[in-house]
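# Observations on the model geometry
Each chain is listed here by its residues.
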Amino acid sequence: MVDSERYKSFLERLIRVTHVEPYNRESYVELIKEMCEEFRLAKGVTHFYQTPMMESRGIGESYCDFDNGKADKILLNIRILTKTKAIIIGTLYAETDECDRDEEEIAQLDTLFRIILGFVSRRRLLDMIEKFGFYDLDGYRNFRAFARYLDIINMENKLGGKIAFHIDLRNFTMVNREIGRANGDIALRNYYEMLGESIGDEGIIVRLGGDKFVGVLDRSVKRKVFEIFSGYPIAYDETGDKKIVITASAGVYMLPDPFMMKSYGDIMDKIMIAGETAKRQASGGVIIYDDKMKVAKAQIKQVQNEFRAALVNEEFAVYYQPKVDIESRKLAGAEALCRWIKGKEIVPPLNFIPILEMNTDICDLDFYMLEHVCRDIRRWIDEGREVVRVSVNFSRKHLVDIDLLNKIINVVDKYNVPHEYIEIELTETTTDVTFKDLKRVVCGLQEQGIWTAVDDFGVGYSSLNLISEIPWNVLKVDKSFVPKNNEDQDDISNKMFKHVIMLAQDIGLECVIEGVESVDQLDVLRQNGCNIVQGYFFDRPLPLTDYEERLDRQYYPESGD
């Protein structure tokens, strides 16, 4: 039996070591060992369960700070249900040959052990609060952790000179489809941990949700972290042999020095604006915030706020740009292009189309354009005009719509327009949709006799599968892909252009060359068998009445070139 003075000493020391912050684990473990040896204990174990249900399933945490390897019999077992319904169970063990303890010694052990269990319970609950408050369900630090970090270093006046960032992983939906969601989760975790290691103790990274992250880093690690943003191979298996390159659209704010944060918006607003700008870039990368972006954000908000009313008021006008057969000089078709007429001002497409593509507003505008084109074609037919096929641009955002085909057909049939007069243009940069979705839409339109065109071929990362496996009618080649002249036959641009056009024509595609502006370009196209062109050399996009004059005339005079 432990004498009363010794017991009181343990009691006082235990209360002191379990109630002093910061908690000193080394002192605590030393005291536990000394107490176990004094009371001739072989082992002490605690189990912590967050709920009774988790206790019944055996889902919890176990702790053992003393075990001499000779525990044979249970000496004391205590179960405590806390006010939060968490459960803590403590068990003390003795060696078999130890004599039985009297009631006083059991009472002493009971008191000391309950203090220990209360301490363990309190520590576990604090850990739970930390976990639930500052981590998400997947174990990533959350925005509260970011806000706490900002508060701390701001109070320490250490924010000046830091770099804040917002990143959005590019095409991560495609990554999940390619390697599977389980492997995608591994890749996401490894990417997060790699960034965390690169940022180190002088910064932080947290997850906002999905594949979006924010953080702060020191300028000393800028080069390494920016390299990861730009594209880095990330393992997605246990051995690290299988890797996939993950890139991010990163919005960055270089905090001035000195810098004092008045609100989180001082940082968040800037990195979010820069992040949105980075996301709109074709290749992502790192975009550094400047004050011009704030003006751009205001313009974006204005367009989005005004769009619905403009649609209802029919402020969007269809302009038609003719397509011309350069051999016969006959009108061969037209492309419907959108212009926003605000009062007496014409808003250029670049000032609103990219903004509408940030959400599904662009889809509503596309159908608005199709409706107006069909209305015009129906009227031209009724007036006895010689009608040519008109192409209408459709955003990639439509491709995930399972009802897209029916919606297009319903609009065309609503005006009783023969299907062969409608052509749907889809851009070839289809990285954010599956190849299967694109093929489904094109094949469905083909079955209905509606023409399809792959737009801006040569601008993005074109794939031969795009034109060999999908039954397009028309290949629209961007002017940047056309050689400047035809003199140097060994020039790589001439070779690429010639073979792509030859391939397209061999598989039955009609080739339309965009952006033709000069006689030299016409000569190059003639020599390569490209007869259908579109560009300023013949006509700019024309308002309705001017286009109707071209439609009535049908032919272009020889003096054009």
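Quick note: structure is the one above.
These lines cover the structure that appears in this document, whether it is placed above or below. Only a predicted model underlies this, so the values are computations on that prediction, with no experimental measurement involved. (Residues numbered from 1 in each chain as written. Predicted model: local features only at pLDDT ≥ 70, side-chain atom pairs only at ≥ 80, totals over all residues. Heavy atoms only, no water.)

### Describing the side chain of D211
On the secondary structure map, D211 appears in the loop between β6 (204–209) and β7 (212–217). It turns out D211 is buried and unbridged, and the closest side chain with the opposite charge, K212, is 4.0 Å from it. With near-sequence residues (within four places) excluded, D211 lies in contact with I167, D168, L169, F172 and L188. (Helix = DSSP H or I, 4+ residues; strand = E, 2+ residues; numbered from the N terminus. Buried < 20%, exposed > 50% of the residue type's maximum accessible area, 1.4 Å probe, protein only. Lys, Arg positive; Asp, Glu negative; His and termini not counted. Salt bridge = Lys/Arg side-chain N within 4 Å of Asp/Glu carboxyl O. Contact = heavy atoms within 4.5 Å.)

### Remarks on the nonpolar core
Formed by 81 residues in total, the largest nonpolar core has its most connected members in F316, L365, I408, I422, L475 and I513. Here this core takes 11 residues from helix α12 (residues 361–382), the largest share from any one element. With near-sequence residues (within four places) excluded, F316 lies in contact with F307, A310, L311, C338, R339, W340, F352, L365 and Y368. Among the nonpolar cores identified, the runner-up in size contains 29 residues, and Y192, F213, V225 and V252 belong to it. (Core = buried A, V, L, I, M, F, W, Y, C linked by side-chain atoms within 4.5 Å.)

### A few points about the layout of surface pockets
Of the voids in this model, the second largest pocket is the one considered here, and its volume is about 400 Å³. Around the second largest pocket, the lining comprises 25 residues; the ones closest to its centre are Y28, I32, D65, I116 and V120. Among the secondary structure elements, those contributing two or more residues to the lining of the second largest pocket are α2 (25–38), β1 (43–49), β2 (61–67) and α4 (103–134). Per element, the largest residue contribution to the lining of the second largest pocket is nine residues, and it comes from α4. When its residues are assigned to classes, the lining of the second largest pocket shows 18 nonpolar, two polar and five charged. (1 Å grid on protein atoms, 1.4 Å probe; cavity = no way out; pocket = protein on both sides within 12 Å on 5 of 7 lines; lining within 4 Å. Points joined across faces, edges and corners; volume = space filled by probe spheres on them. Nonpolar A, V, L, I, M, F, W, Y, C, P; charged D, E, K, R; others polar.)

### As for the pattern of salt bridges
Counting across every chain of the model gives 38 salt bridges. Ionic pairing is found between K342 and E306, a salt bridge with its closest N-O pair at 2.8 Å. With K342 in strand β13 (residues 330–342) and E306 in helix α10 (residues 291–312), this residue pair connects regions lying 36 residues apart in the sequence. A salt bridge links D364 to R308, with the shortest nitrogen-to-oxygen separation between them at 2.5 Å. With D364 in helix α12 and R308 in helix α10, this pair connects stretches of sequence that are 56 residues apart.

### A closer look at unusual backbone geometry
Following D257, the chain continues to P258 via a peptide bond in cis, the omega torsion being 10 degrees. Mapped onto the fold, P258 is located in the loop between β10 (248–254) and α9 (265–280). The phi angle at R329 is positive, at roughly 60 degrees, despite the residue not being glycine. Topologically, R329 is positioned in the loop between β12 (316–325) and β13. Residue classification places R329 among the buried positions, given a relative accessible area of 3%. Its identity is not glycine, yet Q554 carries a phi of approximately 70 degrees, on the positive side.

### Brief notes about the pairing of strand β3 (residues 73–81)
Bridge analysis of β3 against strand β4 (residues 87–94) gives eight bridges, and the strand direction is antiparallel. When the bridges of β4 are listed, I78 appears paired with G90. Connecting β3 to the next strand, β4, in antiparallel fashion are five residues, including K85 with a positive phi near 75 degrees. (Pairing = 2+ DSSP bridges.)

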